[in-house]
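# Observations on chain architecture
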Amino acid sequence: MATEDDVRRLALALPETGEKTMYGTPAFYVRGKWFARMREEPDVLAVPVPSEEEKLELTAARPGAFFTTPHFDAYAAVLVRLPEVDEEELGELLTDAWRLRAPKRLVAAFDA
């Protein structure tokens, strides 16, 4: 069971990340681009994914953990119920989201 504290610790451990608010909730950024945001609902995280197809695959495979709302229609982002994922899976989700938003050179340096 992951928590908001886990999100903060894992997100801020990635290179060149920072935290500030977005729509009144904590959000995490890499070089000015958001890659994770806590939602207004308790224990719900929004993260970008590579495509809407991947979002649909996640929500179909594990609807208890991953979902979407009409606000995210036509947008490649998925909502995550933190109590339904463990810390390892959360770390993978955050790292993947960070990779989508970080500059290519920063990702290359991270992978080196």
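Just above, that's the structure.
These lines cover the structure that appears in this document, whether it is placed above or below. (Residues numbered from 1 in each chain as written. Predicted model: local features only at pLDDT ≥ 70, side-chain atom pairs only at ≥ 80, totals over all residues. Heavy atoms only, no water.)

### Regarding the side chain of Arg 37
- For Arg 37, the position within the fold is in strand S3 (residues 33-38).
- A relative accessible area of 6% places Arg 37 in the buried class.
- A polar contact of 2.8 Å, which involves the side chain of Arg 37, links it to the side chain of Thr 25.
- For Arg 37, the contacting residues outside a window of four places in its chain are Met 22, Tyr 23, Thr 25, Pro 26, Ala 27, Val 44, Leu 45 and Ala 46. (Helix = DSSP H or I, 4+ residues; strand = E, 2+ residues; numbered from the N terminus. Buried < 20%, exposed > 50% of the residue type's maximum accessible area, 1.4 Å probe, protein only. Polar contact = N/O pair within 3.5 Å; in protein donor to acceptor, adjacent residues only side chain to side chain. Contact = heavy atoms within 4.5 Å.)

### Details of the packing of helix H1 (residues 4-12) against helix H3 (residues 87-101)
- Where H1 meets H3, the axes come as close as 10 Å, and the angle between the chain directions of the two elements is 45 degrees. One finds that H1 runs oblique with respect to H3. In this structure, H1 meets H3 at a crossing whose hand is right-handed. Contacts between H1 and H3 involve Asp 6, Val 7, Arg 9, Leu 10 and Ala 11 from the first element and Glu 87, Leu 90, Gly 91 and Leu 94 from the second.
- Taken together, the residues of the contact of H1 with H3 sort by class into five nonpolar, one polar and three charged. (Axes fitted to C-alpha atoms, helices over the stretch in contact; angles between N-to-C directions. Parallel < 35°, antiparallel > 145°, perpendicular 65-115°, else oblique. Left-handed = near helix turned anticlockwise from the far one by under 90°. Nonpolar A, V, L, I, M, F, W, Y, C, P; charged D, E, K, R; others polar.)

### Focus: the pairing of strand S6 (residues 77-81)
- Here S6 lies mainly inside the structure; four of its five residues are buried.
- Sheet topology note: the strand S4 (residues 44-48)/S6 ladder contains five bridges and is antiparallel. Looking across to S6, one finds that Val 47 is bridged to Val 78.
- Inspection of the sheet shows strand S5 (residues 66-67) paired to S6 by two bridges, in the antiparallel sense. Its bridge partner lying in S6, Phe 67 is registered against Leu 79. (Pairing = 2+ DSSP bridges.)

### With respect to the sheet that holds strand S2 (residues 25-30)
- In spatial order, the strands read S1-S2-S3-S4-S6-S5; together these six strands make up an open sheet with antiparallel pairing. Two strands bound the open sheet, and with one partner strand each, they are strand S1 (17-22) and S5.
- In the packing of helix H2 (residues 52-61) onto the sheet, contacts are made with S5 and S6, and the angle to S6 comes to roughly 25 degrees.

### Observations regarding a negative patch on the surface
- Together, Glu 53, Glu 54, Glu 57, Asp 86, Glu 88, Glu 92 and Asp 96 line one region of the surface with negative charge.
- Mapped onto the elements of the fold, Asp 96 is located in helix H3. (Patch = residues over 30% accessible without salt bridge, like charges linked within 9 Å, V, L, I, M, F, W, Y side chains within 5 Å. Areas by Shrake-Rupley, 256 points an atom, 1.4 Å probe, with all protein chains shown as cover. Salt bridge = Lys/Arg side-chain N within 4 Å of Asp/Glu carboxyl O. Lys, Arg positive; Asp, Glu negative; His and termini not counted. Charge placed at Lys NZ, Arg CZ, Asp CG, Glu CD.)

### So, the pattern of salt bridges
- What the rule picks out here adds up to ten salt bridges.
- Between Arg 9 and Asp 6 there is a salt bridge whose closest N-O contact spans 3.1 Å. Here Arg 9 and its partner Asp 6 are both found in helix H1, three residues apart, which amounts to about one turn of the helix.
- Here Arg 8 ties to Glu 19 by a salt bridge, and the two come within 2.9 Å at their closest N and O atoms. Of this pair, Arg 8 sits in helix H1 while Glu 19 sits in strand S1, and the two are eleven residues apart along the sequence.
- Classification of Arg 8 as partly exposed rests on a relative accessible area of 23%.

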